[in-house]
Every structure is written in structure tokens, then in C-alpha cells.
Amino acid sequence: MKNIQRVSGTLLGAVLLVFSGSALADWQLNLTEGVTEISREVYGMHMMVLWICVAIGVVVFGAMFYSILKHRKSQGATPATFHESVVAEVSWTVVPFVVLIAMALPAAKALIKMEDTSNSDLTVKVTGHQWKWEYEYVDSGVRFFSSLDTASREASARDSGIDVHSVDNYLLDVDNRLVLPVGKKIRFLLTSNDVLHAWWVPAFAIKKDAIPGYINGMWTNIDEEGVYRGQCAELCGKDHGYMPIVVEAVSQDRYDEWVGEQLAAAEAEANSADKEWTMDDLMAKGEAVYGTSCAACHQGNGQGIPGVFPALAGSPMALGDIKTHIDIVINGKAGSAMQAFGAQLSDVDIAAIVTYERNAWGNDTGDVVQPSAIKAQR
Amino acid sequence: MNAAATEADHHHGPAPGLMRWVTTTNHKDIGTLYLWFSLIMFFIGGLMALIIRSELFQPGLQIVDPHFFNQMTTMHALIMIFGVVMPAFVGLANWMLPIMIGAPDMALPRMNNWSFWILPFGFGIMLSTLFMDGGGPSAGWTLYPPLSLQTGDAFPYLIFSIHMLGVSSIMGAINIVATIMNLRAPGMTFMKMPLFVWTWFITAYLLIAVMPVLAGAVTMLLTDKFFGTSFFNAAGGGDPVMFQHIFWFFGHPEVYILILPSFGLVSEIIPTFSRKRLFGYSSMVYATASIAFLSFIVWAHHMFTVGMPLTGELFFMFTTMLIAVPTGVKVFNWISTMWRGAMTFETPMLFALGFVVMFTIGGFSGLMLAMTPIDFQYHDTYFVVAHFHYVLVPGAIFGIVAGVYYWLPKWTGNMYNETLGKVHFWTSTVFVNILFFPMHFVGLAGMPRRIPDYAVQFADFNAIATVGAFGFGFSQILLLVLVIKCIRGGEKATDQVWEGAQGLEWTLSSPPPYHSFSVQPVIK
């Protein structure tokens, strides 16, 4: 009997949780409290200011609506003649001033704490790209890109025919998560490869611009394990809405294990550059890498966007000299939005992309570009 | 020239035909041109807003591509700021400032004609960019580099059109300053000027101070793009953040350019319909001047996330919070004006009251945004979108609409349809809140601004906002109908028009003669 009660109780709890969860998700009205000491402090300050505004609003609008109700001509009101009072003017200058000081002091204290990036345990360099994030763990050397996940990307296309509600975490999921340990002071160094971006995770209450030529710093210290999502918050062009941030906060042990896995995978990737690849393998890999690195501008069908991003299908560049083609991918094109992908992609990736671009969409050159050719041209 | 000829000159009416509007140097004609231009641009900019809201009605992309979506957000802002609010204010100033200070016309009538006629060409160029290779500007109205440098063929045309709008604004502002300084009737001392004149006087100085700064900023963008300079290019020794500093040194005073004349309008209207003198006239003047001064030292609060030094962030947080003081003084004075008055609620008064309430709501969210540590959560989210739309739509635009209703009987000689006016007010007020209030919620819940598509948890409030947008947009057709009906006829307006109205404009006939105050009135 007791068992049944317990089971049904748990079930009921679970059902309530799901419902309240979805209700909250759909009609969330307020800031998240977040999962860091700073985010809770920010939330508290937000609520304090909100209630101060509500209190002022009640007084001011109360007086106004009382006046509107009582002091109307249709109620037989006759206008008074007073039109100035030094006492009133001075008091409604001084009182708000005092209230503002009371608000500014805790804000200044919190700000000083938020801007102190010293004594961190771990440093992650975050680089914004149009339109993906690059993460580099400065201490261990792990480095990878994080782009919108394929399910969201496919569903987000215009007239995709896919119900976006059927996609888990639509527009808020990535292929590679930023994994961070809990309970450590993590310092972020932010910069950008092209235009301005801003890195923001609401649960940590931190946001800062990624600016080319600058290195900005900020920090967080996550209390709870979990997955936290955010988005780029500074307009960065066409796909600004499509570069989410996903942080997975894990225990220190799990984090160390993850770093080991990443380092091993990076070594395997480096070794694969020395082998001879087949056309089919390069085309398959090329299509995948093209999808995450090139398609945002040159489009999945290689047609580009007229006047903004050039077409690759049938273009003299993709059909002409291989070396020139590789050079543009590695070094970019000055004065245009074409980035230098040499720093972002491995030899294998670039070989695959160039092979793909020279053989897809009716380009059919039959050229096969090996990773060794990329290595030679770097 | 003999005396009789001079007399005849003074009494000639408008030139016949369309050329009247092309060659006019009459402040009333030019005011009318500005106001019609503003109304047309209001519908064009509004159409863009409806495209934006339609795309955001539900998650997923249905109507436009992200690149075109960004063009819409950019052009919507540029048009609403430079093509609607600013020309409407200049139109009201042209019509009313000379009359309110007892002057026969603006001080520089030919320049007045020119400053208007630049506008249609400037906006013609700006709108034509939408049809160019690469589309119109899509980097946001703030034109932050390096992104704005990725604009296609539109770029030089955009910069040139901004230069033209700037030239127009500067000439309009110089004209207003010259008129107020030189053409006040005898006895119209500075501290007797109506508040609308005062707020425009201060606004004109802001315009003269900051429009050249904008011109400089966009010219540097132009040379970076085409002449190989590196003002904002870090790789060439420049600094992308410097653009933001220069832009917002223009941009923040610009924000007050967009609101101060509305403060003036409301300060005219509330006393009239409360049948009681404006409370704290001199403190209103000083508060306006304080706001104008502070507007020059708060600009970097738009940039709290660029990574300024801590001391910089603290300075701009404190100065920004300080703006709440003079702004509060204004609100308290308006309410004290109403207090123990004998109020009636004709349409201009309704819009003025709507202004006070909803502008104050925008002020509250502004105070929240001023606080740097919590601004990190609000920055570049829909909370900001909600904030500035509250101060600009039920703020600046409600002020303008209130002013139009207030003076429409004076301009046309006919009363407008009061029932239609009240319906316009109530539909506008209800829908503007359905449109913008939910944006606070999605912003706090984490929705960034300037995105064409969003995560599904933001769907409900976005759908509601879109419903509000269409309701608000279609409500404005009522204004157009009402204005046209009022021009065509209606109950004749008296010279006084409103029972409690005070001021020189009400001493003239309705409509006023084509040339008014050829003989200066004397103010006691």
C-alpha cells in the first residue's frame, strides 16, 4: 500500500513538473535566477528595482487617476489657481535623488565584483565567427567550433515543411557543446574573427561583445551541473539568429575525462591527414563541412545570394586553377566577407571542401584534392 | 517701392496650382508639407514593421529570408526616426513656432523651403537601396562596423542619404534658433515663451551639436569602405568600438531630440484641458535644459557590454540614473497641473494623458536598463525593444498626434470628428500595449533582438505582439480618414477652439490668414 502511494505520488509529482515546466517555458515572464552567485545577485537587484518602479508607479499613477476621476469639469470642479511651489520642486528633486543613490550603491558593488576576472582556475578563449563560435581551452589546448545543430538548421529553412515544435531545443542546440567544470572560476577571453558578436548565457548573467582586434574578459562560477543555453546577442549579419551557445556544466572528474577524449580525437584527426582519401569519402566529408562552414553564405545549392555572396556553381573560381581555389579558402579574400578558413579548418576539411565544391552542383571537374596538397600550400 | 505696393505684397495669398508647394516660403505651407511627408513615411515604416511582426508571428521562417528581415529592421528604424518623428516635429515647429511667439514667418524662409525639399530626395535614395544588388542596408540603424561594411551596392547611397537628412535637419534647426532668437514679439521674454517653443529651442541646439557628429561617423565608414582608411578596422590600427562611441555621442542626444518637443506639446495640452496654468513653468524649462545637458554625458550606456573599463561603466551608470531626476520633475509637474483643475477629455488631452502614463512606463524600464550589472541581462534583448518603443510610440508619437489634434481645428478652421478621434485614441492605446508590453516578457525570458526566428518558448508572446501590431497599424488609418474629413469640412471652429486655451495662436482666426502677425502683437 505504502509503495503504491509512493509510486503514485512520484507519478503525480512528475506530471505536475512536466506541466508546470511547459507552462513556464511558454509563458516565462521574468528573468531567470540562474545558477551562479552573480546571477542570483543580479536577479535580486532586478527584482528590487522592479518593485521600486512599481511602488513609484502606484503613487504617481494613483495621484494622476485620482485627479482624473475627481478633478473633472463634469464633476463640477472649478480650477484652482496655484501654479508653483518651491518646496514641491525641491522635494521631488531631492527625494528621487536619494532613492537613486540607494539603488546605485549595491549596483556599483555588484559591478566591481563582476568585472574582477583575477584568480581564475580555467581560461576559455571564445572567438565569434559568422556564424559560429570557436572555443579554445587555453590550459589544455582543446579547441573546436560550435555551430547550430543540423536538426534546427534544416527545420529553420524557409518552407522547410518541418514543424519546428518537433525539434528539441529548436535554434538553441549545437553540434559541439562547451563543457565546463562546476565550482571553478572560469575566465572567458572574447574576441572575434570578423564582425561584432556577443556571448550570452542568461543562467550565468554574463554577456560581453566579441570584437575583432580586442580581447574582452569576463568570468563565471557555475554552481549546478546541467545544460545551459544562450544566443549571440549582437547583430552579426544574416544568420545572427542561428548561432546559439550551449554550455554543459559537469563535475571536475567528468571534465578531466572529457578533456582526455578531446585530445585523443584531435590526434586521430591529425593522423588522418597523412593518408590518401578516396573521392567518395572526400565528397561525403566535404558536404558535411560545407554545410557548417560555407552554406550560410554560398547556400546549400552553391548559388550564393546575388550581389552579396557569389555563387560557386559554375563559377570560374571553382572550375579554374585548383591552387587559386585552395588559396582563397585558406587565406580568404581581402575586402569581402570571405574569411580565411586556414586557421579554422584542418587539412582534411579543406581538402574535402575544395573537392566538394569542384564536383557538386554540376561543376563536375573530377578533381580530387588530397589533404597533403593543402598541407603543402599552407 | 511705394507704401501701397508693400501693402499689396504683404497680403498676397498662396500661388495657384502645384507650384505653390514647390516654391513656397510660407511657414504654414512648409509645415503642412512636413506633416504630410511624415504621415506618408509613417505608413511606409509601419508597413515594414508589419512585415517584421508577420515573420515573428510564429517560430520558423515563413515570409521573408533573414537577410531581408535585417533590411526591414534597419529601414524601419531609419524611416521612423529620420522620416517620421523628426519631420513631424519640424512640421509642428514650422506651423506653430512663429505664431506662438508672434512672428510673421520663420527667420530664413528660403532655407526653410530647401530643408524640406531635401527630405523626399534623401528618402527616395534611401528607399531605392532596397532594389539594389545586395539589398538595402541590413546592419541595423546603428550601422556598426565591421558588419555595416559588408553592405552591398546600397552602402554609398545610404551614406549619401544620411548626409542629406543631416543637412536638412541642421538647416531646420538653425532656422528655428534664428526665429526664436530674433523674431519674438515685444514683451515675449524667454521666460514667457510657451513650453513647446522652449523644448524646440533646446532641441534645435542638440541637433546642431550632434548631426555633424553623425555625418563624420558615416563619412569615416565611407572612407573605410572605399578609400582604404582604417578608422574602424582593427587590422589597420583602427578601432571598431570608436565608431560606437562617436555614433552614440550623436545617438543619445538624438534620443532626446525625439522626445523633448513631445514634452513641450504635452506641456501645452495638459494646462488647456485642465483649465489651469502649467505647474512649475520655470522648473520645466530648467528640467528640459538639464536633460539636454545630461544627454551629452551618458552615451556609453548603450555600450555597457563592449568591455569598457570599470570606472567608465560606473561613470555612465551614475550619469544615466541621474536623468531620472529631471524627467521625474516633468512628470510630477504635469500631474500637479492636473491636480485640482477642471479637466475635460477631448482627444488631444486623451493622447497627452496616454503619453504621460506610457512614457513613464518606458522611463521605468529605462531606469532598470541604466543599472550596469543588470543591463548585462537586458542588453540587446526584447526588453530593450520594449523600452525604446514605449518611449517612442506611446511617447514621442502620441505627443505628436496629441499636438495634431490640438491644432487641427486651428489649421483647417474645422473641428475634427470627436467620436472618431476618441475611437482612434482607445484603439491605439489598447493595441500599442498588446504590441509592446509582451516584449518585456520575452526579453526577460532571453529572446535577443534583431532575430528573424526564435526558440519555441517565445512563441506565445510573439503571437500576441503581432496581433497588437496589426491592430495598432490599422488604427492609424482612422487618423488619416479623420484628417482628410477635417480638411474637407465639419463644424466651424472658433478662434479660441478650446475653452481653456491660452497663447497667441488662439488670438488668430481659424484658419489663420496666410500671412499672420504682419503687425507684431505686444505681450504684456
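Because the structure is a prediction, the values reported are computed rather than measured.

1. Remarks on the overall build of chain B
- Within chain B one finds 17 helices and zero strands.
- Taking 2.2 N^0.38 as the reference for a compact globule, 524 residues should give roughly 24 Å; the C-alpha atoms of chain B span a radius of gyration of 23 Å, in line with that estimate.
- The principal-axis extent of the C-alpha atoms belonging to chain B is close to 70 × 55 × 45 Å.
- Within chain B, buried positions represent 68% of all 524 residues.
- Long-range contacts, defined here as pairs at least 24 residues apart, represent 82% of the contacts in chain B between residues at least 6 apart.
- Taken as a whole, chain B presents about 16700 Å² of accessible surface, with 71% of it coming from carbon and sulfur.

2. Quick word on unusual backbone geometry
- Backbone torsion omega between Q130 of chain A and W131 of chain A reads -5°, so that peptide bond is classified as cis.
- In this structure, P511 of chain B follows S510 of chain B across a cis peptide bond, with omega equal to -5°.
- Positive phi values are uncommon outside glycine, yet A205 of chain A reaches one of about 55°.
- With respect to the element layout, A205 of chain A can be found in the loop between β6 (197–201) and β7 (206–210).
- With relative accessibility at 0%, the residue A205 of chain A sits in the buried group.

3. Describing a nonpolar patch on the surface
Residues and elements named next belong to chain A.
- The grouping of V86, V90, V94 and V98 at the surface amounts to a nonpolar patch, some 350 Å² of accessible area in total.
- Inspection of the secondary structure assignment puts V86 in helix α3 (residues 86–114).
- Owing to a relative accessible area of 66%, V86 belongs among the exposed residues under this scheme.

4. Notes on the interface of chain B and chain A
- At the interface, 97 residues of chain B touch 91 residues of chain A.
- Summed over the shared surface of chain B and chain A, the result is two salt bridges.
- The shortest N-O distance in the salt bridge between R158 of chain A and D65 of chain B comes to 3.3 Å.
- At the junction of chain B and chain A, the tally comes to 24 residue pairs in polar contact (both at pLDDT 80 or more).
- Listed by contribution, the elements that provide at least two residues to the side of chain B that touches chain A are α4 (66–100), α8 (240–257), α11 (310–322), α12 (324–338), α13 (347–370), α14 (372–378), α16 (418–445) and α17 (459–488) of chain B.
- Considering each element in turn, the side of chain B that touches chain A owes the most residues, nine residues, to α12 of chain B.
- The residue inventory of the side of chain B that touches chain A, partitioned by class, reads 57 nonpolar, 26 polar and 14 charged.

5. Topic: the sheet that holds strand β2 (residues 132–137) of chain A
Residue and element names in this part refer to chain A.
- Pairing within the open sheet is mixed, and its five strands lie in the order β3-β2-β1-β5-β8. Only two strands of the sheet have a single neighbouring strand rather than two, namely β3 (143–146) and β8 (216–220). Neighbouring strand axes in the sheet, compared pairwise and without regard to direction, differ in orientation by 25° on average.
- Alignment of β2 against β3, held across four bridges, turns out to be antiparallel. Within the sheet, the bridge partner assigned to Y135 lies in β3 and is F144.

6. Observations concerning the domain arrangement of chain A
Residues and elements named next belong to chain A.
- Partitioning chain A into structural domains gives domain 1 (37–73 + 83–115), domain 2 (122–270) and domain 3 (275–377).
- Using only C-alpha atoms to locate each centre, domain 2 and domain 3 end up separated by 25 Å.
- Counting from both sides, the interface comprises 14 residues of domain 2 and, opposite them, 15 residues of domain 3.
- It is K132, K238 and E269 that lose the most area in domain 2 upon contact with domain 3, and together they represent 39% of the buried surface on that side.
- In this assembly, domain 2 and domain 3 are joined by zero salt bridges.
- Applying the counting criterion to the domain 2 and domain 3 interface returns four residue pairs in polar contact (both at pLDDT 80 or more).
- Looking at the side of domain 2 that touches domain 3, its residues break down into two nonpolar, four polar and eight charged.

7. Observations concerning the confidence of the model for chain B
Residue and element names in this part refer to chain B.
- Per-residue confidence for chain B averages 94 on the pLDDT scale, and 98% of its residues sit at or above 70.
- Confidence drops under a pLDDT of 50 for residues 1–9, and excluding neighbours within four residues, the segment shows two contacts in the predicted structure.
- The complex prediction reports pTM at 0.89, with the ipTM value standing at 0.90.

8. A closer look at the sheet that holds β6 of chain A
Residue and element names in this part refer to chain A.
- A sheet is described by the order of its strands in space; here five strands give the open sequence β4-β10-β9-β6-β7, paired in mixed fashion. Strand pairing shows two members of the sheet lacking a second neighbour, β4 (178–181) and β7, which therefore form its edges. Taking the axes of each pair of neighbouring strands and ignoring which way they run, one obtains an average angle of 25° across the sheet.
- Bridge count for β6 against β7 is five bridges, and the pairing is antiparallel. Each residue of the ladder has a partner; that of W199, found in β7, is K208.
- On top of the sheet, helix α5 (residues 252–272) reaches β4 and β10 (244–250); it is set at about 140° to β4, its chief contact.

9. Focus: the nonpolar core
- Grouped together as the largest cluster of nonpolar side chains are 220 residues, with contacts concentrated most on F82, W200, W334 and W407 of chain B.
- Take this core: its biggest share by element is 22 residues, from α4 of chain B.
- Three or more residues apiece are contributed to this core by two domains, here domain 1 (37–73 + 83–115) and domain 2 (122–270) of chain A.
- In this structure, W334 of chain B is in contact with F263, V266, S267, I270, L278, M284, F355 and V356 of chain B, ignoring residues within four places of it in sequence.
- Among the nonpolar cores identified, the runner-up in size contains 43 residues, and L180, F204, A210 and A296 of chain A belong to it.

10. Quick word on the side chain of K276 of chain B
- Mapped onto the fold, K276 of chain B is located in the loop between α9 (260–274) and α10 (281–294).
- Buried charge without a salt bridge: K276 of chain B, with E89 of chain A as the nearest opposite-charge side chain at an N-O distance of 11 Å.
- A distance of 3.0 Å separates the side chain of K276 of chain B from the backbone oxygen of T337 of chain B, its partner in a polar contact.
- Among residues more than four places away in sequence, those in contact with K276 of chain B are A80 and F82 of chain A together with P271, S336, T337, W339, R340 and G341 of chain B.

Rules used in this analysis
- Residues numbered from 1 in each chain as written.
- Chains lettered and ligands numbered in written order.
- Predicted model: local features only at pLDDT ≥ 70, side-chain atom pairs only at ≥ 80, totals over all residues.
- Heavy atoms only, no water.
- Helix = DSSP H or I, 4+ residues; strand = E, 2+ residues; numbered from the N terminus.
- Rg over C-alpha atoms; globule rule 2.2 N^0.38 Å.
- Buried < 20%, exposed > 50% of the residue type's maximum accessible area, 1.4 Å probe, protein only.
- Contact = heavy atoms within 4.5 Å.
- Areas by Shrake-Rupley, 256 points an atom, 1.4 Å probe, with all protein chains shown as cover.
- Patch = residues over 30% accessible without salt bridge, like charges linked within 9 Å, V, L, I, M, F, W, Y side chains within 5 Å.
- Salt bridge = Lys/Arg side-chain N within 4 Å of Asp/Glu carboxyl O.
- Polar contact = N/O pair within 3.5 Å; in protein donor to acceptor, adjacent residues only side chain to side chain.
- Nonpolar A, V, L, I, M, F, W, Y, C, P; charged D, E, K, R; others polar.
- Pairing = 2+ DSSP bridges.
- Axes fitted to C-alpha atoms, helices over the stretch in contact; angles between N-to-C directions.
- Domains from an automatic or database assignment.
- Buried area = accessible area lost by both parts, 1.4 Å probe.
- pLDDT = per-residue confidence, 0-100.
- Core = buried A, V, L, I, M, F, W, Y, C linked by side-chain atoms within 4.5 Å.
- Lys, Arg positive; Asp, Glu negative; His and termini not counted.

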